[in-house]
Structures are given as C-alpha cells and as structure tokens.
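Here are the chains, one letter per residue:
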Amino acid sequence: MTYDIATIPGDGIGQTVVEAALPVLREAGDVYGFEFDVTAYDWGTERYREEGAMMPDDALEQLEPRDAILLGAVGHPDVPDHVTLHGLLLPIRKAFNQYVCKRPTVLYEGVESPLRGYDGGDIDFVVYRENTEGEYADIGGREHRGFDNDVAIQSALFTRQGVERIVRQAFRAASRRRGKLTNVTKSNAQAYGMVLWDDIVEEVATEFPDVTVERLLVDAASMDLVRRPEEFDVLVASNLFGDILTDIGAVISGSMGLAPSANVNPEGEYPSLFEPVHGSAPDIVGREIANPLATVLSGAMLLEHVGEPEAAAGVRDAVRAQLAAPAAPRTPDLGGEASTFEVARDVEARL
Ligand code: ATP
Ligand code: MG
C-alpha cells in the first residue's frame, strides 16, 4: 500500500519539525508494511512576500487527490495573521470540508505537569471543535462596524446540519473511548445558537445509549479542565469555545511542543490536514531546538486516519516510551538539551 501525502512545512520551526517527523512516519511504514509518496509544497509567508500569495491559484486542485496533508506551521512576525489564515489555512479547511478539529490532550509519564498533583498517565481527553461555522462564520453583510466606528455587530451562525455532524462525530469517539461526552456551551447567556446546540446533543444522545452525557457551561468547563482534568474523556464545543479549550489542553500536556491536532473530513471525500498546535515560533527558529513530538503525534493521527491504526499506536507507544525514559534525549522545552533531530531519531529507533 502506498499513501499519497502532501507536506506543507511552511514557516519557521514548521520546516524543521516536518523534516524531523517525516522519517519517523517512513519508519512506521517499514515496520507496518506500507509506503509514502510525499510531495512537499513550499507554500507560506516567504512565498507571500515574494509573489503576493501564500499558495498558487491551483493549490487546492493540487492537494485534492492526496490521501492526507501534513502541515508544519505558517506565520511570520511581519505578515499579519489574517493573511496566513485567509491565504492558506481557511481555504484548505473550507474546500475540503474539514468540519472536525480534533485535539487530544495526553499527559505522558515522564512529563512534568503544570498542574500540581498530577503525574503522567493521569490525563487523557480529546476536544472535538466545530470547525466551519459558529462564532467564526462570516455571515456576509450582517457583520459590520458603524456609528463612527464605535459600534460593531458580530454574530454567530449555527445550523442543524453543522451542529449535528460534529456532535455525532464526538459521540462516536466517546463510544470508542471511555464512554463519556462533555457538551460545552453557554446556553444561559446565548439563548439561540447554544440552545439549538444543546437540543441537538440531546437528540443525538438517543443514538448512543452507551455514552454518558455531561453538560457544562464554558466558564465552568475552563475551571474544571484545570481542577479535575482526569475526569474528561471527549469534549464537544463550538468553534470559539473549542479554540479556547484546546489551548488549555495544549498547556496541560506539559509543552506546546507536545500538542498534536487534526482538521478532519470524516467522510474521506477530501484530504484531512494534520498539524502541531503550535505556530512558527519565531523566538526559537533556526536553532534546531523545537520539539518535533507534536508533529510526530500529528503524524500518528494521520496514520490512524488513512487506515493504519496499528502503525499509529506504534508511533504513540514509541513517543510514550521515550518520554518515560529518564535518559532519553529531550528538547529544552522539556528540560533537556537535545536537538529536534536527536529526539526524532530516538523515536525512530524505538519504533
Ligand atoms: P505563530 O504566530 O506562528 O502562531 P507564535 O509566536 O504564536 O507563532 P507559537 O509557535 O504558538 O508562537 O509558540 C508559543 C511559544 O511556545 C513560543 O515561545 C515558542 O518558543 C514555544 N514553542 C512552540 N512550539 C514549540 C516547539 N515545537 N518546541 C518548543 N517550544 C515551542
Ligand atoms: Mg500563535
């Protein structure tokens, strides 16, 4: 079996972590019996500064036939965030209907927790964030700033189709995992969209009698992720709330350099995109000290998605074993002195 993978290493440490993580995925292929056909695209802010666009006009056509996309990071201090967002990330997310943003948080053994009293192995949850509408939907013409620029209207869009599909994916995940789903909304303050969301969760729940549903307001959920993170299994939330909760999740995992993510089109009609949660990290660029594990773990999510769950588990086990071994190489974010490539090669050897 050969998988056709696109990589977009992008900017800053994105290039380093993708270069380091790819050999780990190839090694997984050797061990579990498949191959990768990799096409690398040099799209990002450098291209934007030279040619005025993050990616070429036919970028989406080039990506569409691929089995999956592995992205490093896009961003540069001199390029406004909306350029990177609207020039690359959002067009891909929209064109390929990647309506699930999936972000797992695992506190691995051997990693120091920022939460007092927690050790590796205690925390393991995943956030399913709605990725296409909600508070980040651009409802053409409605939103505006007026009255001498002193008043702004910003609305949110929730549709039955949009909510139902993310909620159903979250229930499926909970049913495969520990059977618990936490529905995070703010229906006391937002009486339309969030109430529609809650109603749909109740309806879909009847299809999954094996899943226990907990309902939390987003403010309470933010506290509880810090106070009792071990009790969470799957959380489902809107675009904005999911955005915030997943950053709490990334911190809980012990380092930004350990947090993977996926933008998924679950039906597989289009390629899904896998990327570390972190950005281009201009403060550490060019020093080869970026932690490659967030990208390696994103690669494991990619393997699972294309249909290689055993290889995915193998990669995760290799990462788990490395983090648990006191003498194994670690990048500075985890208190070590090893380089990006030393850490990646060690995972490869453990595979
Ligand atoms: P961008 O604008 O591209 O999002 P950023 O400035 O927001 O970049 P992030 O990449 O989100 O920066 O990183 C935030 C902090 O976490 C930085 O101080 C960075 O050094 C650190 N960091 C991020 N990724 C890693 C990594 N893989 N390894 C080690 N440290 C990291
Ligand atoms: Mg950032």
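Heads up: the structure comes first, above all this text.
Predicted model only: the values in this text are computed from it and were never measured. (Residues numbered from 1 in each chain as written. Chains lettered and ligands numbered in written order. Predicted model: local features only at pLDDT ≥ 70, side-chain atom pairs only at ≥ 80, totals over all residues.)

**Student:** What exactly am I supposed to notice about the site of ligand 1 here?
**Tutor:** Taken together, 18 residues are adjacent to ligand 1, and Gly75, Gly257, His278, Gly279 and Asn291 come closest. Of the residues belonging to the shell around ligand 1, the class tally is 9 nonpolar, 7 polar and 2 charged. (Near = placed C-beta within 6 Å. Nonpolar A, V, L, I, M, F, W, Y, C, P; charged D, E, K, R; others polar.)

**Student:** Whenever I open this one, the packing of helix H1 (residues 13-32) against helix H10 (residues 309-324) confuses me. Can you help?
**Tutor:** Relative placement of two packed helices is described by the angle separating their axes and the distance separating the axes. The N-to-C vectors of H1 and H10 enclose an angle of 125 degrees; their axes lie 10 Å apart at closest approach. Considering the angle they form, H1 stands oblique to H10. Here H1 and H10 pass one another in a crossing that is right-handed. Contacts from Val24, Ala28, Val31 and Tyr32 of H1 reach H10 at Glu310, Ala311, Gly314 and Val315. Looking at the contact of H1 with H10 residue by residue, the class counts come to 6 nonpolar, 1 polar and 1 charged. (Axes fitted to C-alpha atoms, helices over the stretch in contact; angles between N-to-C directions. Helix = DSSP H or I, 4+ residues; strand = E, 2+ residues; numbered from the N terminus. Parallel < 35°, antiparallel > 145°, perpendicular 65-115°, else oblique. Left-handed = near helix turned anticlockwise from the far one by under 90°. Contact = placed C-beta atoms within 7 Å.)

**Student:** In this structure, what is going on with the nonpolar core? I would like to understand it.
**Tutor:** As a rule of thumb, soluble globular proteins bury nonpolar side chains together. Membership of the largest hydrophobic core comes to 95 residues, with the highest contact counts inside it found for Leu235, Val236, Val296 and Val315. Composition of this core by domain shows at least three residues from each of domain 1 (1-99 + 257-351) and domain 2 (124-252). In contact with valine 296, not counting residues within four places along its chain, are Ala21, Val24, Val315, Val319, Ala344 and Val347. (Core = buried A, V, L, I, M, F, W, Y, C linked by C-beta atoms within 7 Å. Buried ≥ 20, exposed ≤ 12 C-beta atoms within 10 Å, placed from the backbone. Domains from an automatic or database assignment.)

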